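Secondary and tertiary structure notes
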Amino acid sequence: MAKGITSRSENYSQWYNDIVIKAGLADYSAVRGCMVIKPYGYAIWEKIQRQLDDMFKATGHQNAYFPLFIPKSFFSKEADHVEGFAKECAIVTHYRLKNDPAGKGVTVDEDAKLEEELIVRPTSETIIWNTYKGWIQSYRDLPILINQWANVVRWEMRTRLFLRTTEFLWQEGHTAHATREEAVEETLKMVNVYADFAQNWMGMPVLIGTKSENERFAGAIETYCIEALMQDGKALQAGTSHFLGQNFAKAFDVKYQTKEGVLDYVWATSWGVSTRLMGALVMAHSDDNGLVLPPKLAPTQVVFVPIYKTDEELSLISEKVQELKKQLEAKGITTHFDNRDTVKPGFKFAEYELKGYPVRIALGPKDMEKGTVEIARRDTLTKEFVPQDGVAEYVVNLLDEIQSNIYNKALKFREETTTIVDSYDEFKRILDEKPGFVLAHWDGTSETEERVKDETKATIRCIPLEGDNQPGTCIFTGKPSERRVVFARAY
RNA sequence: CGGGGUGUAGCGCAGUCCGGUUAGCGCACCUGGUUUGGGACCAGGGGGUCGCAGGUUCGAAUCCUGCCACCCCGACCA
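Nothing here was measured: the structure is a model prediction, and the numbers come from that model.

Quick word on the sheet that holds strand E19 (residues 359–363)
As summarised here, the arrangement of the five strands in space is E18-E17-E19-E20-E21, forming an open sheet in which the pairing is mixed. A single partner strand is all that each edge strand has here, and the edge strands are strand E18 (335–337) and strand E21 (382–387). Between one strand axis and the next, the sheet turns by 25 degrees as a mean value, whatever way the strands run. Where strand E17 (residues 302–306) lies against E19, five bridges are found, and the strand directions are parallel. By the bridge assignment for E19, Pro306 is matched with Leu363. Of the strands in this sheet, E17, E18 and E19 touch helix H10 (residues 345–355), which is tilted by about 170 degrees from E17.

A look at a nonpolar patch on the surface
A surface patch of nonpolar side chains, about 260 Å² in accessible area, is lined by Leu97, Val106 and Val108. Examined against the element boundaries, Val106 turns out to sit in strand E7 (residues 106–108).

Comments concerning the protein's contact with RNA strand B
Not every one of the 36 residues close to RNA strand B is listed here, only the nearest: Arg158, Arg164, Arg360, Lys366 and Asp367. Sugar plus phosphate: this is where 41% of the atoms of RNA strand B within 4 Å of the protein reside. With respect to RNA strand B, the backbone of Tyr308 contributes an N or O atom lying 3.3 Å from a sugar or linking oxygen. Between Lys366 and RNA strand B, the recorded distance is 2.6 Å, taken from a backbone N or O atom to a base oxygen. Breaking the surface near RNA strand B down by element, the ones donating at least two residues are H10, E19 and helix H11 (365–370). Residue classes in the surface near RNA strand B are distributed as 14 nonpolar, five polar and 17 charged.

Things to note about the side chain of Asp379
Relative to the helices and strands, Asp379 resides in the loop between strand E20 (372–377) and E21. Of the polar contacts made by the side chain of Asp379, one reaches the side chain of Arg377; its length is 2.6 Å. If we skip the residues at most four places from it in the chain, Asp379 touches Val292, Ile402, Asn405, Ile406 and Lys409.

A look at the pairing of strand E27 (residues 484–488)
Most of E27 is tucked away, with five of its five residues classed as buried. What you see with E27 is no split at all: Arg484, Val486 and Ala488 on one side and Val485 and Phe487 on the other are buried throughout. Both strand E23 (residues 438–441) and E27 contribute to a ladder of four bridges, which runs antiparallel. Paired with Ala440 across the strands is Val485, a residue of E27. Bridging between strand E24 (residues 459–464) and E27 involves three bridges; their strand directions are antiparallel. Residue Ile460 lies in a different strand from E27, and its bridge partner there is Phe487.

Digging into the packing of aromatic side chains
Within this structure, the stated rule accounts for 19 aromatic pairs. Considering the side-chain rings of Trp45 and Trp149, the 6.1 Å spacing of their centres and the 80 degrees angle between planes classify their relative orientation as edge-to-face. Pair noted here: Trp45 is in helix H2 (residues 39–58) and Trp149 is in strand E9 (residues 144–153), with a separation of 104 residues, a long-range link. Note on accessibility: Trp45 and Trp149 belong to one class, buried. Taking the centre distance of 6.1 Å and the plane angle of 5 degrees together, the rings of Phe243 and Trp267 count as stacked. In this pair, Phe243 sits in strand E13 (residues 235–245) while Trp267 sits in strand E16 (residues 267–274), placing the two residues 24 residues apart along the sequence. Taken together, the ring pairs connect Trp45, Phe56, Trp149, Tyr194 and Trp271 into an aromatic cluster. The ring of Phe349 is capped by Arg360, whose NZ or CZ atom sits 4.1 Å from the centre of that ring.

Quick word on the pairing of E13
Across the eleven residues of E13, ten count as buried, placing the element largely inside the fold. Bridging between strand E12 (residues 222–229) and E13 involves eight bridges; their strand directions are antiparallel. Considered in E13, the bridge of Thr223 is made with His242. Here E12 folds back onto E13 in antiparallel fashion, the turn holding five residues, of which Gly233 has a positive phi close to 85 degrees. Of the pairings in the sheet, the one linking E13 to E16 comprises five bridges and is antiparallel in character. Within the sheet, the bridge partner assigned to Thr240 lies in E16 and is Gly272.

Reading the values: the criteria
By convention here, each chain's residues receive numbers from 1 onward along its written sequence. Think of it this way: whatever chain is written first is A, whatever ligand is written first is 1, and the rest follow in order. Whole-chain, interface and lining totals are the exception, using all residues; otherwise, since this is a predicted model, local features are given only for residues with pLDDT of at least 70 and side-chain atom pairs are given and counted only at 80 or more. The side-chain figures draw on all heavy atoms in the structure; neither hydrogens nor water molecules are used. Strand pairing follows a simple DSSP-based rule, namely that at least 2 bridges must link the two strands. Secondary structure elements are taken from DSSP: a helix is a run of H or I of four residues or more, a strand is a run of E of two residues or more, and numbering for both begins at the N terminus. To define axes, lines are fitted to C-alpha atoms, for helices over the stretch in contact only, and angles between the resulting N-to-C directions are given on a 0 to 180 degree scale. Residue contacts are counted whenever heavy atoms from the two residues lie within 4.5 Å of one another. Here the term patch refers to residues with relative accessible area over 30% and no salt bridge, with like charges joined within 9 Å and nonpolar side chains (Val, Leu, Ile, Met, Phe, Trp, Tyr) within 5 Å. Areas reported here follow the Shrake-Rupley algorithm with a probe of radius 1.4 Å; residue values treat only the protein chains shown as occluding. In what follows, salt bridge is the name for a side-chain nitrogen of Lys or Arg lying within 4 Å of a carboxyl oxygen of Asp or Glu. Any residue with a heavy atom positioned within 4 Å of a molecule or strand is treated as near that molecule or strand. The definition of a polar contact used here is a pair of N or O atoms within 3.5 Å, where within protein one atom must be able to donate a hydrogen and the other to accept one, and adjacent residues in sequence count solely through side-chain atom pairs. Amino acids outside the nonpolar list (Ala, Val, Leu, Ile, Met, Phe, Trp, Tyr, Cys, Pro) and the charged list (Asp, Glu, Lys, Arg) are all regarded as polar, and Gly is one of them. The classification of residues rests on relative accessible area computed with a 1.4 Å probe and restricted to protein chains. Under 20% of the type maximum is buried, over 50% is exposed, and intermediate values are partly exposed. We call Phe, Tyr and Trp rings a pair once their centres come within 6.5 Å, taking the six-membered ring for Trp, and we label the pair stacked below 30 degrees between planes, edge-to-face above 60, and tilted otherwise. Only when the NZ of Lys or the CZ of Arg is both within 6 Å of the ring centre and within 35 degrees of the ring normal is a charge said to sit over the ring.

The structure is reproduced here in structure tokens:
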């Protein structure tokens, strides 16, 4: 186990915090509930951003940017939306400071009170739909397919690094359509983009489904989500895509004229993923040695560590490393040569494991003699000697192998911790004894979900789009159930 | 907002119950040397308003009063 990291089995939360902090991803900040994302963490976020952005562009979306502040009056136009967010908003009430008369720094200038308070956006539906009103007159103006990369603020009671911070970075897509069908199609398209990203880039299997009424986004008709399972058996909502119907169009009076000349309200969607994905990445794959990154999202995929006693040895090794580096880079692989002479190789090995570099290549006098390198893979912690001639090919294949291995490992874990239950007693027992997804019948009512939550802390993570859709009877009430849904305790 | 806990060097902590030399330890940091195939070793060195404000006392990290901050567990949530 790495120095200073709490064991995963001993205390999962502590382990998670240790990895985030010690791998250099993020740290607590001076501001309550907010975190500082450090350069290494941000580098990973940039990889995530870049790939998602490409996927959004490929599905016809454009980026734009809307204001951080939302006038209070905008916010209160959609009733469910207000209800859902009212309790967690940061509000700007003044616009000026003055010197404290008591001589203690500065104080708020009460004369500079705003006529109308500004809400720091917890999400941007309202400001965006207020804007869209001015952009849309005819069916020719539709669809509008826009995404924004932004920060938002939600004043949560309790925060956790990446998973729930007061301020967080995310992207939010906001689209406007002429028909219900087109908007529904967009909602589904984007939840599938998220699933694609989670599985093929993060190496994290997800379930795609809809949310129950209790868990639905405030103001949405239907919320689609991707739901992942962490290594402690708790679920994490990793992304959501909302079909908003005409709720926001009605609230902000956004109408368009159809081909036939009739006025109708516009149909809307919104969808988002956040820096929470960083937390998911950590919790899905990491071990007691530190972070494990999927090669596709690792800022640096291969690190070279020289082993040497003399300057002559180092210069020979350096020459070889430069040669190999070029070969790898020619194949699109990102590399780093750590030739620091201030720390020993063993220290570097431990450090790169902690930081989750997928592949480490060590090169020492023995290798120079035999014409080999020592290649270590982070996911399995195994090492192998490989001829220098074939390194580039070997690493290309190895990175693919690692990418699919960590996905398969996570998938296997999910399958092993997913249980089908048919009675409430069994349901409760499984939640404690074998945490994970629990597939059970549910009568479809909020009351039942609420009662199950109160008694077991488990919620309906999603009503899956695929899989077993046979009817049955609710484990709690015995009433008819259309199909099994996915329960779990969640973050 | 309820319950619990903690504030002492950059980080992690001991010391507080029972007041008494110059406040200590590990890691990290700096200097010099030896090392380098899994987190090196030796020697020397720098770094502290003991969370803040008052009080008691010859004397306070330690006792008393008030305040503040943060963490953990709940409720709330991407």
